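Structural overview for review
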Amino acid sequence: MSNQNPGQHQNKNQNPGKNQNQNRSQINHHFCPPENEDFNLKETTPILGGGRVTANDRLGTAFDLVEQMHYLFIRVVKAKELPLQKDGNSNPQPFAEVQLGNLKGLTLHFEDRSSPDWNQVLVVLKDRIQSRILQVCLRDKSRISGSDDGLIGRVVFEVNEVPKRVPPDSPLAPQWYWLENSKGKKVKGELMLAVWIGTQADEAFPEALHLDATAVNGDGVANIKSKVYLSPRLWYMRVNVIEAQELQLANNNRQQPEIYARITLGNVALRTKISLSKNVCPTWNEDLMFVAAEPFEDQLVLSVEDKVAPNKDELLGKCVIPLQDVEKRIDFSTPISKWYSLEKDVVSQDGNKKVAKLNSKVHLRLSFDGGYHVLDELTHYSSDLKATSKELWKPSIGVLELGILNAQGLSPMKNRDGRGITDAYCVAKYGQKWIRTRTILNSFNPKWNEQYTWEVFDPCTVITIGVFDNCHLQGADNNDKVSDSKIGKVRIRLSTLETDRVYTHSYPLIVLTPAGVKKMGEIQLAVRFSCSSLLNMLAMYSQPLLPTLHYLHPLTYYQIDNLRHQATQIVATRLSRAEPPLRREVVEYMLDVGSNMWSIRRSKANYVRIAGILTGLIAICKWFNGICTWKNPFATVLVHIIFIQFVCFPRLILSAIFVLLFLIGTWNYRMRPKNPPHMDIKLSQAEIVPWDELDEEFDTFPTSRNIDVVRMRYDRLRSIGSRMQAVAGDLANQGERFYNLLSWKDPRATALFLIFCLIASIVLYVTPFKVVVTLMGFYTMRHPRFREKLPSVPLRFFRRLPAKTDSLL
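Predicted model only: the values in this text are computed from it and were never measured. (Residues numbered from 1 in each chain as written. Predicted model: local features only at pLDDT ≥ 70, side-chain atom pairs only at ≥ 80, totals over all residues. Heavy atoms only, no water.)

Here we take up the overall build of the protein chain. Helix and strand counts for the protein chain stand at 14 helices and 34 strands. Counting only C-alpha atoms, the protein chain reaches 110 × 90 × 65 Å along its principal axes. Burial statistics for the protein chain: of 809 residues in total, 47% are counted as buried. Partitioning the intrachain contacts of the protein chain with sequence separation of at least 6 by distance along the chain shows that 72% fall at a separation of at least 24. For the protein chain, the computed accessible surface area is about 41,100 Å², with 55% contributed by carbon and sulfur atoms. Computed over 100 positive and 83 negative side-chain charges, the inter-centroid distance for the protein chain is 5 Å. (Helix = DSSP H or I, 4+ residues; strand = E, 2+ residues; numbered from the N terminus. Buried < 20%, exposed > 50% of the residue type's maximum accessible area, 1.4 Å probe, protein only. Contact = heavy atoms within 4.5 Å. Areas by Shrake-Rupley, 256 points an atom, 1.4 Å probe, with all protein chains shown as cover. Lys, Arg positive; Asp, Glu negative; His and termini not counted. Charge placed at Lys NZ, Arg CZ, Asp CG, Glu CD.)

What the five strands build is an open sheet, ordered S2-S32-S33-S24-S29; its pairing is antiparallel. A strand with exactly one partner marks an edge of an open sheet, and here the two such strands are strand S2 (42-43) and strand S29 (447-456). Bridge count between S2 and strand S32 (residues 502-513): two bridges; the pairing is antiparallel. By the bridge assignment, lysine 42 is partnered in S32 with serine 506. (Pairing = 2+ DSSP bridges.)

Under the 1.5 Å per step criterion, the end-to-end length of helix H5 (residues 557-576) is 29 Å for 20 residues, consistent within 8% with the ideal 28 Å. Those residues of H5 that fall on the buried side of the exposure criterion are Leu563, Arg564, Gln566, Ala567, Thr568, Ile570, Val571, Ala572, Arg574 and Leu575. Residues of H5 that are buried make contact with strand S14 (227-230), strand S15 (233-245), strand S17 (268-271), strand S18 (283-294), strand S28 (433-436) and helix H6 (584-590). (Expected span 1.5 Å × (residues − 1).)

What follows concerns the packing of helix H7 (residues 600-628) against helix H8 (residues 633-648). For the pair H7 and H8, the least separation of the axes is 8 Å and the interaxial angle reads 95 degrees. On the basis of their axis angle, the class for H7 and H8 is roughly perpendicular. Contact with H7, carried on its side by Trp623, Gly626 and Ile627, involves Ala635, Thr636 and Val639 of H8 and no other residues of that element. Partitioning the contact of H7 with H8 into residue classes produces four nonpolar, two polar and no charged. (Axes fitted to C-alpha atoms, helices over the stretch in contact; angles between N-to-C directions. Parallel < 35°, antiparallel > 145°, perpendicular 65-115°, else oblique. Nonpolar A, V, L, I, M, F, W, Y, C, P; charged D, E, K, R; others polar.)

Here the focus is the pairing of S32. A large share of S32 lies buried, amounting to 11 of its 12 residues. Counted along the chain from S32 to the antiparallel partner strand S33 (residues 516-531), the turn is two residues long.

Our focus in this paragraph is the packing of aromatic side chains. Per the counting criterion, the structure on display carries 16 aromatic pairs. The aromatic ring of tryptophan 393 is capped on one face by lysine 386, whose charged end is 4.6 Å from the ring centroid. In this arrangement the basic side chain of lysine 433 is found over the ring face of tryptophan 454, its NZ or CZ atom lying 5.4 Å from the centre. (Phe/Tyr/Trp six-rings, centres within 6.5 Å; stacked < 30°, edge-to-face > 60°. Lys NZ or Arg CZ within 6 Å of the ring centre and 35° of its normal.)

Another aspect to go through is the sheet that holds strand S31 (residues 485-493). In space, the five strands of this open sheet follow the order S14-S28-S27-S30-S31, with antiparallel pairing throughout. Across the chains shown, the open sheet's two edge strands, defined by having one partner strand only, are S14 and S31. If you compare each strand with its neighbour and ignore which way they point, the axes differ by 20 degrees on average. With six bridges connecting them, strand S27 (residues 424-430) and strand S30 (residues 462-469) associate as antiparallel partners. By the bridge assignment for S30, alanine 424 is matched with aspartate 469.

Packed helices, taken two at a time, are described by the angle their axes make and the gap between the axes. Taken N-terminus to C-terminus, the directions of helix H9 (residues 652-668) and helix H12 (residues 747-766) make an angle of 155 degrees; their axes are 8 Å apart at the nearest point. Of the possible angle classes, the one that applies to H9 and H12 is roughly antiparallel. Between H9 and H12 the crossing geometry is left-handed. Contacts between H9 and H12 involve Leu652, Leu654, Ser655, Phe658, Val659, Leu661, Phe662, Gly665 and Thr666 from the former and Phe753, Leu754, Phe756, Cys757, Leu758, Ala760, Ser761, Leu764 and Tyr765 from the latter. Classifying every residue of the contact of H9 with H12 by side-chain character gives 14 nonpolar, four polar and no charged. (Left-handed = near helix turned anticlockwise from the far one by under 90°.)

Here we come to the UniProt feature "transmembrane region" (unreviewed entry) in the protein chain. Residues annotated in UniProt with the feature "transmembrane region" (unreviewed entry) correspond here to residues 607-625, 637-664 and 751-779. Across residues 637-664, the secondary structure splits into 89% helix and 0% strand, with the terminal C-alpha atoms separated by 23 Å. (UniProt positions renumbered as here; feature names shortened; annotations may be inferred.)

Here we come to H7. Here H7 contains 29 residues, and its C-alpha end-to-end distance of 40 Å stays within 8% of the 42 Å for a straight helix at 1.5 Å per residue. A maximum bend of about 30 degrees is found in H7 at threonine 615. For H7, every residue scored as buried is listed here: Arg601, Arg602, Ser603, Ala605, Asn606, Arg609, Ile610, Ile613, Gly626 and Ile627. You can read the cap of H7 off the contacts: a side-chain oxygen lies 3.3 Å from the backbone nitrogen of arginine 601, and it is on serine 599. Residue tryptophan 630 follows H7 closely and has a positive phi angle near 55 degrees. (Bend = angle between axes of the 7 residues up to and from the residue. Polar contact = N/O pair within 3.5 Å; in protein donor to acceptor, adjacent residues only side chain to side chain.)

This part covers the confidence of the model for the protein chain. When pLDDT is averaged along the protein chain, the result is 85; 90% of the residues meet or exceed 70. Low confidence marks residues 1-28, where pLDDT is under 50. Its contacts with residues over four positions away, or in another chain, come to 39 contacts. (pLDDT = per-residue confidence, 0-100.)

Let us look at the side chain of lysine 414. Residue position: lysine 414 is located in strand S25 (residues 414-416). Overall, the relative accessible area of 19% leaves lysine 414 in the buried class. Within polar-contact distance, the side chain of lysine 414 engages the side chain of aspartate 423 at 3.1 Å. Within polar-contact distance, the side chain of lysine 414 engages the backbone oxygen of asparagine 470 at 3.0 Å.

Attention shifts here to the nonpolar core. Trp434, Ile523 and Leu525 are the most contacted members of the largest nonpolar core, which totals 68 residues. Apart from residues no more than four positions distant in its own chain, leucine 525 is found in contact with Leu402, Gly403, Ile404, Leu405, Ile465, Val490, Ile492, Tyr503, Thr504, His505 and Tyr507. Among the nonpolar cores identified, the runner-up in size contains 31 residues, and Val241, Leu249, Leu265 and Leu342 belong to it. (Core = buried A, V, L, I, M, F, W, Y, C linked by side-chain atoms within 4.5 Å.)

Within the secondary structure, asparagine 442 sits in the loop between S28 and S29. Residues asparagine 442 and proline 412 lie 30 residues apart in sequence; the distance between their C-alpha atoms is 9.4 Å. Look past the residues within four positions of asparagine 442 in its chain and what remains in contact with it is Arg419, Ile421, Thr422 and Asp423.

Before going further, it helps to spend a moment on the domain arrangement of the protein chain. Domain boundaries in the protein chain define domain 1 (70-215), domain 2 (234-369), domain 3 (390-591) and domain 4 (624-807). The distance between the C-alpha centroids of domain 1 and domain 4 comes to 65 Å. (Domains from an automatic or database assignment.)

With that settled, consider the side chain of glutamine 99. Considering the arrangement of structural elements, one finds glutamine 99 in strand S6 (residues 94-100). Within the structure, glutamine 99 has its side chain in polar contact with the side chain of glutamate 97 (distance 2.4 Å).

Two side chains with opposite charge may pair up if their charged atoms get near one another. In total, this model carries 35 salt bridges according to the counting rule given. Aspartate 287 serves as the salt-bridge partner of arginine 238, at 3.4 Å between the closest nitrogen and oxygen. Of this pair, arginine 238 sits in strand S15 while aspartate 287 sits in strand S18, and the two are 49 residues apart along the sequence. Note that glutamate 297 is salt-bridged to arginine 577, the shortest N-O span being 3.2 Å. Note that glutamate 297 is positioned in the loop between S18 and strand S19 (299-309) and arginine 577 in the loop between H5 and H6, a separation of 280 residues in sequence. Using a relative accessible area of 46% as the deciding quantity, one classes glutamate 297 as partly exposed. By relative accessible area, arginine 577 is classed as exposed at 54%. (Salt bridge = Lys/Arg side-chain N within 4 Å of Asp/Glu carboxyl O.)

Structure representation (structure tokens):
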């Protein structure tokens, strides 16, 4: 969860010589979080959907995972027959003003219109109503002056008499009301209104303007509303550069040109190797991979260049290819190759540039590979594993429902009027669907009570929920360089949830800063995973985790890393262009951009995980050593008796092993986890962090140190260390998955494994041991013709098991 902060770190390192002694004295300084901070997960019992929800309750309402919040809705539709202005010739400039005690909200105003049409909805939380009178005043903006409030007329309501409306009832029909002046006498003009009390389940709620948010102006009003976003559909684009013909060199006497091709798509540029054929007909036959997003807005630009000097390249020709013409494929069939003519910009005698077509051509194979899943998240935290092509999608297996209730004890994130405040909102990401709650202004204990739903295609996926401070409430007048501040993040793996159970917990919001780990508050969530077909969901555990093309034609580590960077940048750019934008810093934080950078703290965490895995093996070795040394004579004699029985009846060995595993798993059922995993600062090695390790983790990459030699070695060390960190993490994952076979963290997977153990113990008991060993040996040494490139079913099952990565910061 670390974030790069170049500016702050560069100020820290501007004078390394001066601060050398000070830094040396801080090397052994450890940051410790305050002792009174509680970083644990807490189970809660909120009143949801109008009643208290327990662990296994299932209510029928659409908003049954959140607390009902009652609001007063005022829909201002339109007006008619408004009086002319005082001159008697021009129409008024009307707008409506809703007054409720000290709360006030305004609609748009229209120029020179006697029959305005607003159709705007204003709401206020019922608990914040401090007046029994609701006034909807119609005013003329052109008449407002020092003594004249521009009142055309008003409509008055008693709040206690406002009717209630509960969905799925139809919307309340608006009515025409006669206007009256401040003395209660009827005046010319009518106003169409609808006033009712409803909940956040009302369809008018998402677009309504809150009366307590009137301090927000301009475009900032859109930034406080709840919205749903969709990530663009991403494709892997493969460009196979085959050859070029009849290239025209600027210097015809050049004997051995060094020619290569450069391909540019959007902001990404890749190049082939220099052709081995040193002539004007070079050949490459090289694949280059890009990420493209629908709708395809960019064009593919290919240029053929000659490296005439170490720092000088000469353009021999280029071509522009629209992406709409590129072939889409779902398998690895060979796409149709095409010849593309090259062109070149030339300057005419009058100084104007024009495009000249050349006789040169380039031979390419272009394709969109829809059989892959475009990775825009880390595989450990992926929320979507489907292939790009919809033809390869399988039916959904269930529904994920998330209720974002409230937060408690948020830290002040910025200063306004000399005091610390927080304007908090939440973002949740699962699959292609992103949601953003409304912003609760100036509150350290905001209440959202918003509920959202996602289709689930794979249970071994993760939903991510982040909390942010809104710093863009002044719209276009605000500084564009200001970024929304992160408050914390929560990850929940669906496979660790029991089906149809409502999980209500308060999760700690933890961030890692250059000063150490800090708890920013807590967020209360309600989560339910519903399964439409248990059989289909259990069958998913035998399927490959990723689409089959990832295994039949795998991408290299370098390609995956590069393509993931492209994908995250495309998603961040597209979502930042929405209205209101989901800003780049928010998207990058949710997608864990930069989390694969070198960190001693993460490496220590992976080392501790590996040590924890080996603890069980070490314990078995110590126990066996105790048997051999007769520390417990009774146990030693018992082991000797069991050993003799296995020698006499070898077919009991495998059966006994599986029975033992079955009994251990059954015994562990009592100790199965009751709560989903959460961020663990102890496991993340963030509880006690040396100052120099945090200084390195938050350093820029490349480093901002001034000494060139140190910079080179430092960057090389971090680059190698990041690979070692990934390998150590993968090793830890495999070991933790092995332990989780019997831990009931994924109850469905453990149940399947225990059933397999029980069946295997029976089969192995009735089958002669020699037959079992013979079949296993022949199967292991089977001919390659009978082997599949896809992972085996046990390996597919094993890779779907959860690990402790869900709890890492």
